[in-house]
Structures are given as C-alpha cells and as structure tokens.
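Residues per chain, in single letters:
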Amino acid sequence: MRKVIGIGETVLDIIFKDDQPMAAVPGGSTFNCLISLGRCGVNTSFISETGNDRVGQRIIRFLEENGVDATSVSVYPDSKSPLSLAFLNERNDAEYIFYKDHPRDRLDFNYPEVNQDDIVVFGSYYAVNPVIRPQVHGFLDYARQHGAILYYDVNFRSSHKDEVLKLTPNILDNLDLADIVRGSTEDFEVMFRKTDPDAIYRSQICFYTKKFICTNGSEPVELRADNGFKKQYPIQKNDQVVSTIGAGDNFNAGFIYGLMKQNITREEIDNGLTEQQWDAVISSAMQFSANVCKSINNYVDEDFAKNLKQQ
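Cut-offs used in this document
Residues numbered from 1 in each chain as written. Predicted model: local features only at pLDDT ≥ 70, side-chain atom pairs only at ≥ 80, totals over all residues. Heavy atoms only, no water. Helix = DSSP H or I, 4+ residues; strand = E, 2+ residues; numbered from the N terminus. Expected span 1.5 Å × (residues − 1). Buried < 20%, exposed > 50% of the residue type's maximum accessible area, 1.4 Å probe, protein only. Arc of directions from axis to C-beta. 1 Å grid on protein atoms, 1.4 Å probe; cavity = no way out; pocket = protein on both sides within 12 Å on 5 of 7 lines; lining within 4 Å. Points joined across faces, edges and corners; volume = space filled by probe spheres on them. Nonpolar A, V, L, I, M, F, W, Y, C, P; charged D, E, K, R; others polar. Pairing = 2+ DSSP bridges. Axes fitted to C-alpha atoms, helices over the stretch in contact; angles between N-to-C directions. Contact = heavy atoms within 4.5 Å.

Chemist: Would you mind showing me how to read helix H3 (residues 133–145) here?
Modeler: Since one α-helical turn is 3.6 residues long, residues separated by three or four positions face the same way. Here H3 contains 13 residues, and its C-alpha end-to-end distance of 18 Å stays within 8% of the 18 Å for a straight helix at 1.5 Å per residue. All of the buried residues in H3 are Arg133, Val136, Phe139, Leu140 and Ala143. When H3 is viewed along its axis, its buried side chains cluster within an angular range of 140° and face the same direction. For H3, the exposed residues lying more than 90 degrees away from the buried face are Pro134 and Gln145.

Rendered as structure tokens:
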C-alpha cells in the first residue's frame, strides 16, 4: 500500500480576529497536509520534533487521532513546543508571528520505510534550516533513491527574507531533489524578487525540475510542465471564506490525494503527465483548498473526508 511521508515543523496556531484570540489549533505546513490526508484514509507518516509539554502532547495525540503515524516525531524533554500567532485581516488572510523556544535545533529520527512510488512532502523553513539540513537532505536523498515521488512546497515566509542569500544553496538543492514544486507568488517575491510565473519558471525552476505549480491566492493557478506545456486553472469564487491559513497546505494535500487516486507513478511523472492527469490532480487540490477555507481549522473537515472515502 502506497503511503505519504511528511517532514516538517509542528506548531500550535493561535488565531486572532480583530486582535482577539478565536482558536488554538495544532499546525505546521506539512503537518496540516498530513492531517487532511490521514482524515481521508491515506496511509501517512510524519517526521518532526516537539517539546515535552502540553502542546507537544496534544500535537502527538492529534496526529494519532487523525490516522497519522507519529513514531518518527522526536519529543525533547528540555524544549517548549513552538507557537504561531496568526492575525486574520478583513479578507481573512493571515499575518504571522512565530515563537520558538528550543535551546538548540536538532533532528533525531529513524527513517520510516520508503518504497517505490511513495510520496514525500517537504517544505517551509524546516526544509532549508542550516542546522538540521544534513538530516533533512539525508532523508530526502534516501527517499529519492528508493523510488519515492518528492513534492516540494516552497512556502518561504517574509520573516526569513534576510536569510535568503545564506539559504539559497539549500533552496536550489531542494528544487533539484524535487519531482514537483509548488510555490506562491509571495514565496518567489521574497526569494527571487519575481512574481510572474513564466519568469520564475524560466529563470529559477526549469533547470532543476520541469513540473511547477504557482498559486496566487484567489487568482488562477498556473501550471508549467514538460515540453513547454502550460495551463491556467481559475479558482472558483468562495463566499464562505473564514480563514485562508491552511489553503496552501491543503492544496498540497489535495494534489497528493489526486496523485494517489489516479495511481500516478514516479515513472509517469518522469515521462510527463497528460493534460487529463494534470486536470484531475489540480482539481483535487482546489477542492481540498476550498474546503479548508470554510472553517477556522487548518485541515479538511470530517464530512468532506467521509464523502471522499465513500467515493
């Protein structure tokens, strides 16, 4: 049975509206993606770390309750779990402040089993952090050698813009390892000072990988792929937006769910997907993303997951 393995950070997202806290939900970019996939019945495993406190205990419990294997989440007794404050504006888009109190970054884990056509999702600062880079790169390289599909969600926040120069070698290394790259115009503006998908693809992406998805909030999704293939996918208007915090993470979840439902293999990706295959996986990505915007949570709701499992 194919599985999805994620590697990334865990945080507790405290969400504010009009400067008042509304909710506190477990989060983290890859974490959110895996929770949604676990809810939808996908075999999932998470590599991460957390503190030995109430927040960390809740995060581990939440993973297990949603069907995600948490045995590769390291718990450090002398660390406090990270927090993220997310302030929603009038459009319900979020601005973030991060708090991390780890005495030192480290990452100790046993590699979960990786088989041909399993999918590994990675991204955010976690995927470029110089302190844990050797362990992250080691696992990604191991997964690639074992025939996994590597999906890289760039997710580079403006809070790290002063580190772009230092982190560029790690970013480029991730692009080189990845089979599929997704990023937002916001990410690429911070990293490369570019927002035009064609310019980003031509100057930064296509040398490393031919499969590139660029998202831009409520603007159309832009796809660039093998042999000059390009397509634009309009976003359906959503009048029920409560929060966009998990929109990108669940685009990833839906895309990966689509890859598995269409039974798309690493070999097919290497040879180039058909337009029909791209249409199917991006449609799935947009369904997951639209659902998560309807609530304050960072993951698809239980009814959505239940309906998918019944299909």
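Chemist: I keep staring at the layout of surface pockets and nothing clicks. Help me out?
Modeler: It is a probe the size of a water molecule, rolled over the atoms, that shows where empty space is left. Within this model, the largest pocket holds a volume of roughly 1500 Å³. Taken together, 45 residues form the lining of the largest pocket, with Asp93, Gly217, Ser218, Thr244 and Ala247 sitting closest to its centre. Ranked by residues supplied to the lining of the largest pocket, first place goes to helix H9 (residues 275–292) with 6 residues. Tallied by class, residues from the lining of the largest pocket come to 15 nonpolar, 18 polar and 12 charged.

Chemist: Please explain the pairing of strand E7 (residues 94–99) as it appears in this structure.
Modeler: Across a regular strand the side chains alternate sides, sitting on one face of the sheet and then on the other. Sheet topology places strand E6 (residues 83–88) next to E7; 6 bridges connect them, and they run antiparallel. Along E7, the bridge assignment pairs Ser84 with Phe98. Linkage of E6 to E7, two consecutive antiparallel strands, is achieved through a turn of 5 residues, within which Asn92 is found at a positive phi near 65°.

Chemist: Honestly, unusual backbone geometry in this entry has me stumped. Any pointers?
Modeler: Across the chain, the bulk of peptide bonds are trans and the bulk of non-glycine residues have phi less than zero. With a phi angle near 60°, Arg193 is a residue other than glycine that sits in the positive phi range. Take Arg193: it is sitting in the loop between helix H5 (185–192) and helix H6 (197–205). Given a relative accessible area of 78%, Arg193 falls into the exposed group. Phi is positive for Asn227, close to 60°, though the residue is something other than glycine. For Asn227, the location among the structural elements is in the loop between strand E12 (219–224) and strand E13 (230–233). Relative accessible area serves as the criterion here: at 82%, Asn227 is assigned to the exposed category.

Chemist: Any chance you could explain the sheet that holds strand E8 (residues 119–123) here in plain terms?
Modeler: Strand-to-strand pairing in sheets goes through backbone hydrogen bonds, with the strands running parallel or antiparallel. Judged by pairing direction, the sheet is mixed, and its 9 strands sit side by side in the order E5-E4-E1-E8-E9-E10-E11-E12-E13 without closing on themselves. Where the open sheet ends on each side, the last strands, each with one partner, are strand E5 (68–76) and E13. Pairwise comparison of adjacent strand axes, ignoring direction, gives a mean angle of 20° for this sheet. Relative to E13, E12 is paired through 4 bridges, and the arrangement is antiparallel. Bridging across to E13, Arg224 finds its partner in Lys230. Docked against the sheet, H5 engages strand E10 (180–184) and strand E11 (212–216), running at close to 90° with respect to E10. Running over the sheet, helix H7 (residues 247–261) touches strand E1 (4–7), E8, strand E9 (149–153), E10, E11 and E12 and is turned about 160° from E9.

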